[in-house]
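The lines below spell out each chain.
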Amino acid sequence: MKFQVSREYFFLILYLLPVFIVNVDFGPSGEIFLKGQFLLYPLLIIFFYFRGGDSNILKLFLMLELLFLPYGIGYSFWGEQEYILDSFIGAQILLMYFLASYVIFRSVEAPTVIITIDKVVLIMVAIVFVSFVIWKLTGVYILADDGYGYFRPHAFMSEPSALTPFLAYGLSAFLLKADYVKALVVLVAILMVGSIIAVFVSALVMALAYIYHVNIFKKVALIIVTVFALIFSYEYVIEFYPSGGTVFDSQLARLRLALLSFESLGESGYNPRVATTLDVIRYSAEQPLGFWFGFGPLSDKFLPFSPIAHSAPSLPLFIFFNFGFVAMAVFVIWVFYNLITRDVKNKINLLFVCLAVSSLVNSAQGLLIYQLVFLLGFLHKENKNEVSSS
């Protein structure tokens, strides 16, 4: 039993280290990006296979190789032979992430995942506070971003947006547990990070927690109220003009430009994610086969679809560009079905919702976050680890 427990945590540490230790950021002085997954994930897969974990992992590997192979071959028929090697490498990288997540799914219990991530979230909140205090006392950036001219701590994550879903999870979990002191601490960390998305995701989670336990009439009433609240928020943001000085002014100003860009299809306003979204759609629309079935694993990393980005700006668009409209439609339906049917008092569901909603509009940390969405999506059925109200 001791060996099994230690192996479970060993596998989980190998899996989560590259997720939570990604970037050592010194703001204006520069940053160091770590790529630990390219060492730790192959080790995880090899340990699992040779310690008798599950021989099906080899069959899964071969099946996915065969599934991805036609994409690489297809480039030769399209007269774009220079991308064949890129397609093959992309397939191996995506396979690495997929198999690493499969190892965790098969060998680690859901409560173990949640207990570990709960501890990591608290550590990240502490790091945010320490970074902020150091900056206030010395002006030195430690594990913080200086983008848009503001100090934004993000622990060892790649950027503040990557920390957002985990802070939203921490805030929501403490609110559901009625632990308001810890919820306040996390909320202060969110304000330090300057994340509007974290506040939005937390509000959505609390609404879902209420909707799940009420009758159909109250659900309809809450949905109507939510629609009006969104309309009001939209009008407020569109009419917003920053007074200067705070990071939230900067975030609202960026959101305003994004909304203007989205509603005008890039004619006014500006946001790199909106601009990249439009580039993805235009590029795919010009090639019907790619539109419906995608351009292959990690093709958004090597195909020149946009002059401003080298990756899709969100998880749905990542699926769309790589595997086509049909795959994206199935994914979006799956996510929204789970959003309205899962009880977020179950912590696996809670974390899933926070990560899935953030990934619908955000690409921070890419596959390292995307893999968690799918892992949690399939782990939830066996999990009984609910947020205690006591």
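In case you missed it, the structure is sitting above this.
What you see is a predicted model, and the numbers here were worked out from it, not measured in a lab. (Residues numbered from 1 in each chain as written. Predicted model: local features only at pLDDT ≥ 70, side-chain atom pairs only at ≥ 80, totals over all residues. Heavy atoms only, no water.)

Caption draft 1: Just the nonpolar core, in detail. Ranked by internal contacts, the top residues of the largest apolar core, which has 103 residues, are Tyr15, Met124, Phe166 and Phe318. Not counting the four nearest positions on each side in its chain, tyrosine 15 is found in contact with Tyr41, Leu44, Ala100, Ser101, Ile104, Gln371, Leu372 and Leu375. (Core = buried A, V, L, I, M, F, W, Y, C linked by side-chain atoms within 4.5 Å. Buried < 20%, exposed > 50% of the residue type's maximum accessible area, 1.4 Å probe, protein only. Contact = heavy atoms within 4.5 Å.)

Caption draft 2: Summary view of unusual backbone geometry. Positive phi, close to 55°, is recorded for alanine 155, a residue that is not glycine. With respect to the element layout, alanine 155 can be found in the loop between β4 (152–153) and α6 (160–176). Overall, the relative accessible area of 0% leaves alanine 155 in the buried class. In this structure, leucine 298 is a non-glycine residue whose phi angle is positive, near 60°. Look at leucine 298 and you get buried, because its relative accessible area is 6%. (Helix = DSSP H or I, 4+ residues; strand = E, 2+ residues; numbered from the N terminus.)

Caption draft 3: Highlighting the packing of aromatic side chains. Throughout the structure, instances matching the rule amount to 30 aromatic pairs. Each ring, one from tyrosine 15 and one from tyrosine 41, has its centre 5.6 Å from the other, and the planes form 15°; the classification is stacked. Taken as a pair, tyrosine 15 in helix α1 (residues 2–20) and tyrosine 41 in helix α2 (residues 37–50) lie far apart in primary sequence, 26 residues in all. The pair tyrosine 15 / tyrosine 41 is uniform in exposure class, with both members buried. A network of ring pairs unites the aromatic residues Phe331, Trp334, Phe352, Phe374 and Phe378 as a single cluster. (Phe/Tyr/Trp six-rings, centres within 6.5 Å; stacked < 30°, edge-to-face > 60°.)

Caption draft 4: Representation of the side chain of threonine 276 in the model. Its location among the elements puts threonine 276 in helix α11 (residues 272–285). Contact partners of threonine 276, with chain neighbours within four places excluded, come to Phe305, Ile308, Ala309, Ser311 and Pro313.

Caption draft 5: Helix α5 (residues 110–138), seen in detail. For α5, which comprises 29 residues, the first-to-last C-alpha distance of 42 Å matches the rise-based estimate of 42 Å (1.5 Å per residue) to within 8%. Looking one or two residues beyond α5, the residue adopting positive phi is glycine 139, at roughly 80°. (Expected span 1.5 Å × (residues − 1).)

Caption draft 6: Broad picture of the side chain of threonine 112. Here threonine 112 is to be found in helix α5. In this structure, threonine 112 is in contact with Glu8, Tyr9 and Leu12, ignoring residues within four places of it in sequence.

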